[in-house]
Amino acid sequence: MTTTSIKVLGCSGGVGGIARTTSFLIDQDVLLDAGTGVMNLALHQLAAIDHVLITHAHLDHIVSLPLLLDSVAAMRKKPLQVYAQADTIEVLRTHIFNWQIWPDFSQIPDAKNPYLQFNTIAVNEPVVIGGREIKPVAVEHTVPAVGYIIKGEQGSFAFSGDMTENDHFWQVLNQYSDLKYLVVETTFPDEQIELTKLSKHLCPAMLTSELAKLQLNPDIFITHLMPGGEKTIMDQIKGHMPDKGLHQLQADHIFKI
Ligand SMILES: [Zn+2]
Ligand SMILES: [Zn+2]
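Presented here is a report on the structure given in the accompanying data block. (Residues numbered from 1 in each chain as written. Chains lettered and ligands numbered in written order. Predicted model: local features only at pLDDT ≥ 70, side-chain atom pairs only at ≥ 80, totals over all residues. Heavy atoms only, no water.)

**Digging into the side chain of T22**
- Following the sequence through the fold, T22 ends up in the loop between β1 (5-10) and β2 (23-26).
- Here T22 falls in the buried class, since its relative accessible area comes to 1%.
- Among all residues touching T22, those that are not within four sequence positions of it are G10, S12, D33, A34, G35, D60, H61, F159 and H224. (Helix = DSSP H or I, 4+ residues; strand = E, 2+ residues; numbered from the N terminus. Buried < 20%, exposed > 50% of the residue type's maximum accessible area, 1.4 Å probe, protein only. Contact = heavy atoms within 4.5 Å.)

**Digging into the nonpolar core**
- Counting residues in hydrophobic clusters, the biggest one holds 28 residues, and the most contacted among them are W170, L173, L182, V184, L211 and I222.
- If you list the elements that add at least two residues to this core, you get β8 (132-139), β9 (145-152), α5 (168-173), β11 (179-185), α7 (204-211), β12 (219-223) and α8 (230-240).
- It is α5 that provides the largest number of residues to this core, a total of four residues.
- If near-sequence neighbours (up to four positions away) are discounted, L211 is found in contact with W170, L182, I220, M241, K244 and L246.
- Ranked by size, the runner-up nonpolar core spans 27 residues in total, among them L31, L69, A84 and L92. (Core = buried A, V, L, I, M, F, W, Y, C linked by side-chain atoms within 4.5 Å.)

**Regarding the coordination of the zinc ion (ligand 2)**
- Every protein donor of the zinc ion (ligand 2) is accounted for by D60 (OD), H61 (NE2), D162 (OD) and H224 (NE2), and the metal-donor separations fall at 2.1 to 2.2 Å.
- Geometry at the zinc ion (ligand 2) is irregular, judged from its four donor atoms and the angles of 91 to 168° they form at the metal.
- Sequence spacing of the donor residues for the zinc ion (ligand 2), all on one chain, is D-H-x100-D-x61-H.
- Distance-wise, the zinc ion (ligand 1) is placed 3.6 Å from the zinc ion (ligand 2), both being coordinated by D162. Here H224 lies in the loop between β12 and α8 and D60 lies in helix α2 (residues 59-62), a separation of 164 residues in the sequence. For the pair shown, D60 and H224 are each scored as buried. (Donors = N, O, S within 2.8 Å, 3.2 Å for Na, K, Ca; no water. Tetrahedral: all angles 85-135°; square planar, octahedral: opposite > 155°, others 65-115°.)

**A look at unusual backbone geometry**
- Looking along the chain, the bond that leaves I108 and enters P109 is cis, with omega of 0°.
- Mapped onto the fold, P109 is located in the loop between α4 (86-95) and β6 (116-120).
- For W99, which is not glycine, the phi dihedral falls at a positive 75°.
- Counting through the fold element by element, W99 comes out in the loop between α4 and β6.

**Considering the environment of V63**
- Along the polypeptide, V63 turns up in the loop between α2 and α3 (64-72).
- For the pair V63 and V82, spaced 19 residues apart in sequence, the C-alpha separation works out to 14 Å.
- In this view, V63 contacts A34, G35, T36 and M39; residues no more than four positions away in its chain are not counted.

**Looking at the pattern of salt bridges**
- Counted under the stated rule, the structure contains nine salt bridges.
- With its nearest N and O atoms 3.6 Å apart, the salt bridge here joins D50 to K78. Here K78 lies in the loop between α3 and β5 (80-84) and D50 lies in the loop between α1 (43-47) and β4 (51-53), a separation of 28 residues in the sequence.
- A residue is classified by how much of its surface remains accessible, and D50, at 14% relative accessible area, is buried.
- Its salt-bridge partner being D167, residue K213 comes within 2.9 Å of it at the nearest N-O pair. On the criterion of sequence distance, the pair formed by K213 in the loop between α7 and β12 and D167 in the loop between β10 (155-159) and α5 is long-range, its members being 46 residues apart.
- Overall, D167 belongs to the partly exposed group, its relative accessible area being 46%. (Salt bridge = Lys/Arg side-chain N within 4 Å of Asp/Glu carboxyl O.)

**What about the packing of aromatic side chains?**
- Enumeration over the complete set of coordinates arrives at 10 aromatic pairs.
- Among the aromatic side chains, those forming a connected cluster through ring pairs are F24, F157, F159, Y181, F221 and F255. (Phe/Tyr/Trp six-rings, centres within 6.5 Å; stacked < 30°, edge-to-face > 60°.)

**Looking at the pairing of β11**
- Counted residue by residue, β11 has six buried out of seven residues, so it is predominantly covered.
- As defined by bridge partners, β10 adjoins β11 across four bridges and the pair is classed as parallel. Its bridge partner being in β11, S156 is matched across the sheet by L179.
- A crossover links β10 with its parallel partner β11, the connecting element being α5, and its sense is right-handed.
- Examined bridge by bridge, β11 and β12 share five bridges and lie parallel to one another. Bridging across to β12, L182 finds its partner in I220. (Pairing = 2+ DSSP bridges. Right-handed = clockwise from strand over helix to strand, strands pointing away.)

**Describing the coordination of the zinc ion (ligand 1)**
- Each protein donor to the zinc ion (ligand 1) is listed here as H56 (NE2), H58 (ND1), H141 (NE2) and D162 (OD); together their distances run 2.2 to 2.3 Å.
- In the primary structure, the donors to the zinc ion (ligand 1) are separated according to the pattern H-x1-H-x82-H-x20-D.
- According to the relative accessible area criterion, H141 is buried, its value standing at 5%.

What follows is the structure, given as structure tokens:
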């Protein structure tokens, strides 16, 4: 096994200015979510992506996938492999790759040699891509959703995806004694706790009670902050947990594991 790098392409809850939505590039060939951050990549970098793992079907996490396929499909020699839960694949087939919003790239140029192939994942069953082990973990959100844990030779990296209060994610995480980094969402400030609960995200007060379930001590980075709310959210997090030293995740940050 060699060192795995995980580059942040986008880590905002929305767009505007330099804000880009959720996407990580693992080494050169794997995407974790396909938000607007993908659009910053050069054409040859887009063409080098062979695998895309999706947390859930919400637009801010998948919007670049149809555009990516259209831009590079003809440059590629093998299908782009997309990995998601069955429910998520069904939504992508029905509502995106339906010949109305976008062509069905799993049928073109023909069904035997398509530009796109869907792979169904099951929670807690790792996907192994080029020796890299990536485990989907069920999380609680308004639609079926997973986070992911990536094992590296120097430790593990965990990403919550979009989620609200739950025990399962933390129970799984606590089994990774080598957990080096945790990227966890906090979308809204505490003033919007009702909206946070309705949309099944986290606010700083909820994050604080969630992190109390974590028995490990990784470096923790906050992601998916609503545009314009970043300072308020980070100030509230630091107010609730002054001793924890949590960071706001930034685009272009590279994790090495
Ligand atoms: Zn979502
Ligand atoms: Zn989202």
